[in-house]
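Structural overview for review
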Amino acid sequence: MTTAQVATEIQLRPGEDERSSAGAAPDSKPAFEVRNLSIWYGQKEAIHDVTIDIPRHNVTAIIGPSGCGKSTFLRCLNRMHELVPNTRVEGKILFQGEDLYSPGTDPTIVRRRIGMVFQKSNPFPTMSIEENVIVGLRLNGLRNRRLLAERTEKALRMSALWDEVKNDLHKPGMSLSGGQQQRLCIARAIAIEPEVLLMDEPASALDPIATMKIEELIRELRKNYTIVIVTHNMQQATRVSDKTAFFYVGQLIEFDETTRLFSHPKEKRTEDYITGRFG
Amino acid sequence: MNNHRWRKIKSALASVISFVSAVLVIAPLALIFFHLIRNGASSVNWAFFTELPKPVGAAGGGMANAIVGSFELLGLASLIGIPIGVLGGVYLAEYGTTRGNWALRFIADVLNGVPSITWGVVVYGLAVLPFKGFSAFAGALALGLMMIPLIMRTTEEVVLLVPNGYREAALALGIARWKTIVHIVMKTASKGIITGILLALARVAGETAPLLFTAFGNRFWNHDPTQPIAAVPLQIFSYAISPYDDWHRQAWAGALVLLTTIFLINVAVRVVTRDRTARVI
């Protein structure tokens, strides 16, 4: 098999053509259609009967107090929650119209299309900056060095890290500062060109300057990606998101345009939370 | 006041006892080394490393065949012990059910405590009797089987030390689970895994009992794995129980070389693991 063939093969995913034809304009069809989703950890119900449409090419923020199930919900969107034993899912999640939980769906493929960035930056300690960026491509079969170098530069440029590291690509990923490490993790996630980026409190461990850079980056990535971001920082939600969902004890309380949710919440509990009466 | 003095006395007493215990721990190694150097150093010379054993009565000669034989045995044993031990350890850390793993761990711990002569007898039944002869293969099998539980447990421990965040990060990139384990988890834990392998090698390098009924020993060169082969511990054993002064000296020299080799392997382990704390695990 030639490298070109391999390259097309690992990019060959349903929805790819649709996306390029749709361009950067927000699509009318939602990225995720979640229907009556409930999630259990053993006997404990973490998410109860959530129904929500997450739009494409938008930033959707998920807010709520600790333990309200927002991370659990996020991890369901690319089947990462399955790594915890004894989890059970009821209801339906359609991604671009396909059932994420149908028996024939391979979670590995799901995760290639729906990338994830974690709270704690976690570059692989044995790898250089460049190796970290391309590890997803390399371990999925892309071997062409020229192509890998191109993708490294592209991903690092998109994650606004290229100018800072272009002369140090062979230094260990762990040698970067905390904020740079997190942007490296974003570069690593977008190098495999997913359609969606899930972010689980990506800036909560960072200082204000590094946080600002991550937020700028999120606004920039919005043009090409559907982004779902969990945050416990309401100001951050207002700064980066188009729509906001408020979760409370495992339930979706309110979901609306971010500006409307924060200025005219419909629900009493949303109002209490965003005005700081609890949480 | 009186109470205070009594407490000070107790404290001093405890300090002295721990110090004496610490000395008692170090003393045997120092004594062994001192004894070996006094008795064996004079016989460790060029001939010792390059010549075959001489017949009884003829002075000189060496253990070249036994030294090379030991390395050959360890190499063959590694082919059995390292892959099974490492993969078994990874299985314990990454796969399996809680109950099944508990049983596996328990069995590995029991095997680690099995007297080494038992391994010799078992392999005698498995690989010597059926093929009607002692062989390097049989000796390597005995040593390799001993290495498996040792490597398995150390590998499991270091693989469990790899933070879960790396597994999650790799799986979230759509990397298959086995690739995540091989390329991310095992690579991160590689220093610890190598340490476990070296320690297992150091442990079996000095074993005599498992080789008595398997590799048997040989006074000549042998590179055919289906034939009996010499090993340093075996040579030391047969020289030590002989009635000849010259052979006794050779046994001392062999013991000194063997202990030094094992000592150096342990030093190598320290060097390999030295900057581990600076890294993530």
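All right, on to the overall build of chain B then. For chain B, the helix and strand inventory stands at 12 helices and zero strands. For chain B, the succession of helices and strands along the chain, N to C, is α-α-α-α-α-α-α-α-α-α-α-α. Seen through its principal axes, chain B has C-alpha atoms that stretch 70 × 70 × 30 Å. With 281 residues in all, chain B has 40% of them scored as buried. When contacts within chain B are restricted to residue pairs at least 6 apart in sequence, long-range pairs at least 24 apart make up 74% of them.

Further remarks concern the overall build of chain A. A tally of regular secondary structure across chain A gives 12 helices and 10 strands. When each of the 279 residues of chain A is scored for burial, the buried share is 44%. Within chain A, counting contacts between residues at least 6 apart in sequence, those at least 24 apart form 69% of the total.

With that settled, consider the interface of chain A and chain B. Contact with chain A, which involves 21 residues of that partner, is made by 17 residues of chain B. Elements with a minimum of two residues in the side of chain A that touches chain B: helix H4 (107-113), strand S6 (114-117) and helix H5 (129-139) of chain A. Counting residues per element, the side of chain A that touches chain B draws most heavily on H4(A), at four residues. Of the residues belonging to the side of chain A that touches chain B, the class tally is 10 nonpolar, seven polar and four charged.

So, about the sheet that holds strand S7 (residues 196-200) of chain A. Residue and element names in this part refer to chain A. Ordered by their spatial adjacency, six strands build an open sheet running S6-S7-S8-S3-S9-S10, and the pairing between neighbours is mixed. The strands lining the two open edges of the sheet, one partner per strand, are S6 and strand S10 (251-257). When strand polarity is set aside, the average angle formed by the axes of neighbouring strands in this sheet is 20°. Relative to strand S9 (residues 243-248), strand S3 (residues 59-63) is paired through four bridges, and the arrangement is parallel. Pairing of Thr60 across the sheet is with Lys243, part of S9. The strands touched by helix H8 (residues 178-191) are S6 and S7; relative to S6, the strand with the most contacts, the crossing angle is about 170°.

Okay, the sheet that holds strand S2 (residues 44-54) of chain A next. Residue and element names in this part refer to chain A. The strand order across the open sheet formed by four strands is S2-S1-S4-S5, and the pairing between neighbours is antiparallel. Two strands lie at the open edges of the sheet, namely S2 and strand S5 (98-99), each paired on one side alone. The pairing of strand S1 (residues 32-41) with S2 spans seven bridges and is antiparallel. For Ile39, the partnering residue across the bridge sits in S2 and is Ile47.

A word on the confidence of the model for chain B. Residues and elements named next belong to chain B. Within chain B, residue pLDDT values average 91, and 97% of them lie at 70 or more. Model confidence for chain B, summarised as mean pLDDT per element, is weakest for helix H12 (residues 245-273) at 89 and strongest for helix H6 (residues 136-161) at 96. Prediction confidence for the complex, expressed as pTM and ipTM, is 0.83 and 0.86 respectively.

Looking now at helix H11 (residues 232-240) of chain B. For H11(B), the set of buried residues is B:Val232, B:Pro233, B:Leu234, B:Gln235, B:Ile236 and B:Tyr239. Residues of H11(B) that are buried make contact with helix H3 (64-94), helix H10 (209-212) and H12 of chain B.

We now examine the domain arrangement of chain B. All names here are of chain B. Looking at the assigned domains, one finds that chain B contains domain 1 (2-43) and domain 2 (46-276). Taking only C-alpha atoms into account, the centre of domain 1 sits 31 Å from that of domain 2. Looking at the side of domain 1 that touches domain 2, its residues break down into four nonpolar, three polar and no charged.

Here we come to H3(B). The terminal C-alpha atoms of H3(B), which comprises 31 residues, lie 44 Å apart, in line with the 45 Å expected from a rise of 1.5 Å per residue. The sharpest bend along H3(B) reaches about 35° and sits at B:Ser78.

A separate point is the environment of B:Ile229. Residue and element names in this part refer to chain B. Here Ile229 is to be found in the loop between H10 and H11. For Ile229, a count of 33 C-beta atoms within 10 Å corresponds to the buried category. With near-sequence residues (within four places) excluded, Ile229 lies in contact with Gly69, Glu72, Leu73, Ala136, Gly139, Ala215, Asn218 and Asn222.

About the cut-offs
Residues numbered from 1 in each chain as written. Chains lettered and ligands numbered in written order. Predicted model: local features only at pLDDT ≥ 70, side-chain atom pairs only at ≥ 80, totals over all residues. Helix = DSSP H or I, 4+ residues; strand = E, 2+ residues; numbered from the N terminus. Buried ≥ 20, exposed ≤ 12 C-beta atoms within 10 Å, placed from the backbone. Contact = placed C-beta atoms within 7 Å. Nonpolar A, V, L, I, M, F, W, Y, C, P; charged D, E, K, R; others polar. Pairing = 2+ DSSP bridges. Axes fitted to C-alpha atoms, helices over the stretch in contact; angles between N-to-C directions. pLDDT = per-residue confidence, 0-100. Domains from an automatic or database assignment. Expected span 1.5 Å × (residues − 1). Bend = angle between axes of the 7 residues up to and from the residue.

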